[in-house]
Amino acid sequence: MTTARRSGSDLTEAIMRAALELGQESGYARVSIEAIAARAGVGKHTVYRRWSSKGALMLDALLSLDESALDYPETGDVVADLRRQIHGAVDLLAGEPFSPLFQSLVGEAQHDPAVAAALNERFIAPQADKTVARLRTARDQGQLSPAFDLDLAMAILSGPLYFRLLITQEPLTHEYVDRILEALFAGMRPRP
């Protein structure tokens, strides 16, 4: 199929698939926009019309894998809802085969302001907003202490995950997530 006959969504999907394939085969650092374009069967200008950088493209490709895993359920049990959402995020971003790509992307964000901005805009800020909103609902329902700082709770939830993923490079497991939630909620529950 020629580029002219493919729809915009087909082109976008082909480019993201090519980015993920090449990232897995060669590693993030060795992937170029030119190689992605060639694998997808498009010109590099087609890629640059959709994404400003390799980092922005790779981020969208990673997040397209299963965006529903990053949504919050509303079961009425804030701990269960957080557990399910964080388990989904860990499976999506820290699990094989994509963990090395996500780690590289976050690493590049430390040196490239455009990648940092894209990572914050497309992933970090939306997830933080969803988490704080879910915590606010739980607080309003009396599941959490009315005095607890929800932004601080978000930082406490995410900090250990990024520390393990990026610094110690220990595996992110569901059990580790459960331990974080248990420790955090011991201090967030309303006091009698």
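Thresholds applied
- Residues numbered from 1 in each chain as written.
- Predicted model: local features only at pLDDT ≥ 70, side-chain atom pairs only at ≥ 80, totals over all residues.
- Heavy atoms only, no water.
- Helix = DSSP H or I, 4+ residues; strand = E, 2+ residues; numbered from the N terminus.
- 1 Å grid on protein atoms, 1.4 Å probe; cavity = no way out; pocket = protein on both sides within 12 Å on 5 of 7 lines; lining within 4 Å.
- Points joined across faces, edges and corners; volume = space filled by probe spheres on them.
- Expected span 1.5 Å × (residues − 1).
- Buried < 20%, exposed > 50% of the residue type's maximum accessible area, 1.4 Å probe, protein only.
- Polar contact = N/O pair within 3.5 Å; in protein donor to acceptor, adjacent residues only side chain to side chain.
- Phe/Tyr/Trp six-rings, centres within 6.5 Å; stacked < 30°, edge-to-face > 60°.
- Lys NZ or Arg CZ within 6 Å of the ring centre and 35° of its normal.
- pLDDT = per-residue confidence, 0-100.
- Salt bridge = Lys/Arg side-chain N within 4 Å of Asp/Glu carboxyl O.

Caption draft 1: Region of interest: unusual backbone geometry. Of note in the backbone geometry, Gln169 takes a positive phi value of approximately 55 degrees without being a glycine. Summarising the element assignment, Gln169 is placed in the loop between helix 8 (150-168) and helix 9 (174-188).

Caption draft 2: Examining the layout of surface pockets more closely. As a volume, the largest pocket reaches approximately 320 Å³. Taken together, 19 residues line the largest pocket, and the ones lying closest to its centre are Ala89, Phe123, Ser158, Leu161 and Tyr162. Going through the elements one at a time, helix 5 (78-93), helix 7 (113-140) and helix 8 are the ones with two or more residues in the lining of the largest pocket.

Caption draft 3: Local environment of helix 5. In this model, helix 5 (16 residues) spans 22 Å end to end at C-alpha, consistent with the 22 Å of a helix rising 1.5 Å per residue. Among the 16 residues of helix 5, 12 are classified as buried, and the element is accordingly described as predominantly covered. Looking at helix 5, one finds that the buried residues are Val78, Val79, Asp81, Leu82, Gln85, Ile86, His87, Gly88, Ala89, Val90, Leu92 and Leu93. If you check the start of helix 5, you find a side-chain oxygen 3.1 Å away from the backbone N of Val79, and it comes from Asp77.

Caption draft 4: Just the packing of aromatic side chains, in detail. Inspection of every chain in the model, using the stated rule, returns 1 aromatic pair. Seen from their ring centres, Phe102 and Phe123 are 5.8 Å apart, and the 80 degrees between their planes marks the pair as edge-to-face. One end of the pair, Phe102, is in helix 6 (residues 99-109); the other, Phe123, is in helix 7, with 21 residues separating them in the sequence. By relative accessible area, which is 2% here, Phe102 ends up buried. The ring centre of Tyr28 lies 4.3 Å from the NZ or CZ of Lys54, which sits over that ring. The ring centre of Tyr176 lies 3.7 Å from the NZ or CZ of Arg164, which sits over that ring.

Caption draft 5: A look at the confidence of the model for the protein chain. Taken as a whole, the protein chain shows an average pLDDT of 87; of its residues, 92% reach a score of 70 or greater. Within the protein chain, helix 6 has the poorest average pLDDT of any element, 86, and helix 2 (residues 33-40) the best, 96.

Caption draft 6: Spotlight on the pattern of salt bridges. One pass over the full model with this rule turns up 9 salt bridges. For the salt bridge of Glu13 with Arg17, the shortest nitrogen-to-oxygen distance reads 3.4 Å. Separated by 4 residues within a single helix, Glu13 and Arg17 lie in helix 1 (residues 8-26), roughly one turn from each other. Residue Arg17 is classed as partly exposed on the basis of its relative accessible area of 42%. A salt bridge links Asp60 to Arg122; its shortest N-O distance comes to 3.2 Å. One end of the pair, Asp60, is in helix 4 (residues 54-63); the other, Arg122, is in helix 7, and 62 residues separate them in sequence. Overall, the relative accessible area of 32% leaves Arg122 in the partly exposed class. Salt bridges here are not isolated pairs; linked through shared partners, they connect Glu21, Glu25 and Arg39.

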